[in-house]
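# Structural description and commentary
Below are the chains, spelled out letter by letter.
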Amino acid sequence: METKKIPVYVHSAAYAHEYDELDQYNRSLRADVNCKLAIERAIRENYDGMHLKEDAAKAVVEEYGAERVAFILADTVCYKDWDGRFSQDTKSWAKDIMAIADADSADADIRLRNVVISHPAVLNGFIGLARKEFTRAKEEKNQEILKAFLESGKDSYAILQLKQTEETAQECFMNYKWLRNHGKEPQMEHYDVVYMGRLYSGTGLEDLFVQFNLYRPDDFTGHSLSVSDIMALKQDGVVSCYYVDSVGFCKLPDFHPENYLKNAEMLLEDDLSMVDGVINNGPKNPEKERPSALEKLKNKQESIPSAKPVTHRKERGLE
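Remember, it's a predicted structure, so these values are computed and weren't measured experimentally.

### Side note on the overall build of the protein
For the protein, the helix and strand inventory stands at 11 helices and five strands. The 319 residues of the protein split such that 39% are buried. Counting contacts in the protein only where the partners sit at least 6 residues apart, residues at least 24 apart contribute 65% of the total. When the accessible surface of the protein is summed, it comes to about 20100 Å², and 50% of that surface belongs to carbon and sulfur atoms.

Spelled out as C-alpha cells, the structure:
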C-alpha cells in the first residue's frame with residue numbers, strides 16, 4: 001500500500017489488541033516513525049543556517065500525506081508545549097489537530113518516539129510551510145472529489161462541510177434562518193467536499209442523513225452530518241444542493257458547485273485554453289511556444305525582399 005494511504009492509527013496497543021486491529025496499529029506505527037525521520041531529514045536538507053527553502057515540506061507531505069505529517073508535527077508541539085520558541089498560533093493549531101485525532105488514548109512511549117528532533121524555532125518555521133502544503137493538498141482533494149461527483153455517469157451524492165477558518169466559525173452548525181437574518185447565503189468557497197458516493201434508487205436526503213450519523217463509511221473522514229452541512233445530489237445528470245437545516249433540508253437553487261470547480265482551475269491553470277477539469281496540466285503543445293510580437297515582426301521583415309538602401313538615412317535595426 002502507498003505510504004500516504006495508510007490510515008493514521010491514534011489508539012493504544014491495548015485498544016488495538018482488544019479490537020483485533022494490531023495489523024493497522026503496526027502499519028501506522030512504522031509509517032509514523034518513517035514520517036518523523038523524513039521530516040528531520042527535510043529540515044536538515046533545506047535549512048541553510050538562516051532560512052528554510054519555501055518548498056521544504058512539500059516532498060514529505062506528498063509522500064506521507066497531510067494527515068500523518070500534521071499528526072506527527074502536532075504531537076511534537078503538544079509534547080513540548082512548555083517551549084516558548086513555538087508560536088502561540090502553532091500551539092493552538094497543534095492542540096486542535098490532536099483534539100480532532102482524539103489521540104489522548106495513544107501510548108505515551110509511542111508518542112514520544114514520534115517527537116521530531118530539531119531546533120524548535122526552525123521546526124516552527126517548517127510547520128508554517130507544512131500548513132501551507134496541507135491547505136494546497138486539501139484543496140486539490142476537494143477538487144478531485146468534486147470533479148468525480150460532477151463527471152459521474154451514474155446518480156451520485158456529495159457531502160460538503162464547512163472549512164475550519166475564522167471566516168466560517170460563526171456559520172458552523174447554524175441553521176438557514178440564522179444565515180438569512182445575518183444577510184448571508186452558503187458559499188461554495190467556504191466548504192470542503194469531503195465525500196461522494198453512488199446514489200441508489202429510493203435513497204433520499206433523510207436516508208443519507210441517517211447513514212452519515214449512524215453508519216458512516218470507513219473511508220469517511222468528516223464529522224457526523226449536521227446543521228450547516230450541504231448535500232449535493234446528481235440525478236439524471238442534474239445537480240441540486242440542499243442545506244442541512246435544524247429541521248429538514250433547504251434547497252439552494254443558487255448554489256452551483258460546477259462553477260466553483262471551473263473558477264478554481266482558472267486561478268491555477270497556466271494555460272487558460274486548458275480549462276478542462278485537470279488542474280495545471282500545462283499547455284496543449286508545450287514543445288511549441290507562441291512567438292512574441294517582436295519575433296513575428298522580425299520574421300515578417302526577413303520575408304520582405306531587400307530594397308536599395310537610401311543613402312541619406314541610416315537604417316534602424318531591431319534590438
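### Considerations on the environment of S118
Secondary-structure assignment places S118 in the loop between helix 6 (108–113) and helix 7 (120–151). Along the chain, S118 and I39 lie 79 residues apart, while their C-alpha atoms are 9.3 Å from each other. Aside from chain neighbours lying at most four places away, what touches S118 is I43, K80 and L123.

### Observations regarding helix 9 (residues 205–214)
Listed as buried for helix 9 are L205, L208 and F212. What you see down the axis of helix 9 is that its buried residues fit within an arc of 60°, all on one side. Among the structural elements, strand 1 (156–162), strand 2 (191–198), strand 3 (230–235), strand 4 (238–244) and strand 5 (249–251) are those in contact with the buried residues of helix 9.

### Quick look at the nonpolar core
The biggest cluster of nonpolar side chains holds 32 residues, and the ones touching the most others in it are I39, V69, L73, W93, F126 and F134. Mapped by element, the contributors of at least two residues to this core are helix 2 (22–46), helix 3 (58–64), helix 4 (66–79), helix 5 (88–101) and helix 7. When neighbours within four sequence positions are excluded, L73 is seen to be in contact with I39, W93, V116, L123, F126, I127, A130 and F134. Grouped together as the second largest cluster of nonpolar side chains are 20 residues, W178, M188, Y191 and C241 included.

### Some thoughts on the packing of helix 2 against helix 4
The contact between helix 2 and helix 4 brings their axes to 10 Å, and the two run at 70°. One finds that helix 2 runs roughly perpendicular with respect to helix 4. Here S28, A31, D32, C35, K36 and I39 of helix 2 come into contact with helix 4, specifically with R68, V69, F71, I72 and L73. For the contact of helix 2 with helix 4, a count of residues per class yields seven nonpolar, one polar and three charged.

### Regarding a nonpolar patch on the surface
The grouping of V210, L214 and Y215 at the surface amounts to a nonpolar patch, some 330 Å² of accessible area in total. Looking at where L214 falls in the secondary structure, it is placed in helix 9.

### Considering the packing of helix 4 against helix 7
In a packed pair of helices, the relevant descriptors are the angle between the two axes and the axis-to-axis distance. In contact at an axis separation of 11 Å, helix 4 and helix 7 are set at 150° when each is read in the N-to-C sense. As the angle between them shows, helix 4 and helix 7 are arranged roughly antiparallel. Note on packing geometry: the crossing formed by helix 4 with helix 7 is left-handed. Here A66, V69, A70, L73, T76 and V77 of helix 4 lie close against helix 7, whose contacting residues are L123, F126, I127, A130 and F134. By residue class, the composition of the contact of helix 4 with helix 7 is 10 nonpolar, one polar and no charged.

### Examining the sheet that holds strand 2
Taking strand neighbours across the sheet as the criterion, the five strands line up as 2-1-3-4-5 in an open arrangement whose pairing is antiparallel. Among the strands making up the open sheet, the edge pair consists of strand 2 and strand 5. Sheet twist, expressed as the average angle between the axes of neighbouring strands with direction ignored, equals 25°. Two elements, strand 1 and strand 2, share seven bridges in a ladder whose sense is antiparallel. When the bridges of strand 2 are listed, L160 appears paired with V193. Contacting strand 1, strand 2, strand 3 and strand 4, helix 7 runs over the sheet at an angle of about 35° to strand 2.

### Quick look at the pattern of salt bridges
Evaluation of the coordinates by the stated rule reveals 13 salt bridges. The partner of D89 in a salt bridge is R131, and the shortest N-O contact between them spans 2.9 Å. Highlighted residues: D89 in helix 5 and R131 in helix 7, separated in sequence by 42 residues. A relative accessible area of 25% means that R131 is categorised as partly exposed. Across the pair E171 and K184 runs a salt bridge whose closest N-O atoms are separated by 3.7 Å. Taken together, the residues E171 in the loop between strand 1 and helix 8 (176–181) and K184 in the loop between helix 8 and strand 2 connect sequence positions 13 residues apart. The class for K184 is partly exposed, based on a relative accessible area of 26%. Through salt bridges with shared partners, one network takes in E133, R136 and E140.

The rules behind the values
- Residues numbered from 1 in each chain as written.
- Predicted model: local features only at pLDDT ≥ 70, side-chain atom pairs only at ≥ 80, totals over all residues.
- Heavy atoms only, no water.
- Helix = DSSP H or I, 4+ residues; strand = E, 2+ residues; numbered from the N terminus.
- Buried < 20%, exposed > 50% of the residue type's maximum accessible area, 1.4 Å probe, protein only.
- Contact = heavy atoms within 4.5 Å.
- Areas by Shrake-Rupley, 256 points an atom, 1.4 Å probe, with all protein chains shown as cover.
- Arc of directions from axis to C-beta.
- Core = buried A, V, L, I, M, F, W, Y, C linked by side-chain atoms within 4.5 Å.
- Axes fitted to C-alpha atoms, helices over the stretch in contact; angles between N-to-C directions.
- Parallel < 35°, antiparallel > 145°, perpendicular 65-115°, else oblique.
- Nonpolar A, V, L, I, M, F, W, Y, C, P; charged D, E, K, R; others polar.
- Patch = residues over 30% accessible without salt bridge, like charges linked within 9 Å, V, L, I, M, F, W, Y side chains within 5 Å.
- Salt bridge = Lys/Arg side-chain N within 4 Å of Asp/Glu carboxyl O.
- Left-handed = near helix turned anticlockwise from the far one by under 90°.
- Pairing = 2+ DSSP bridges.

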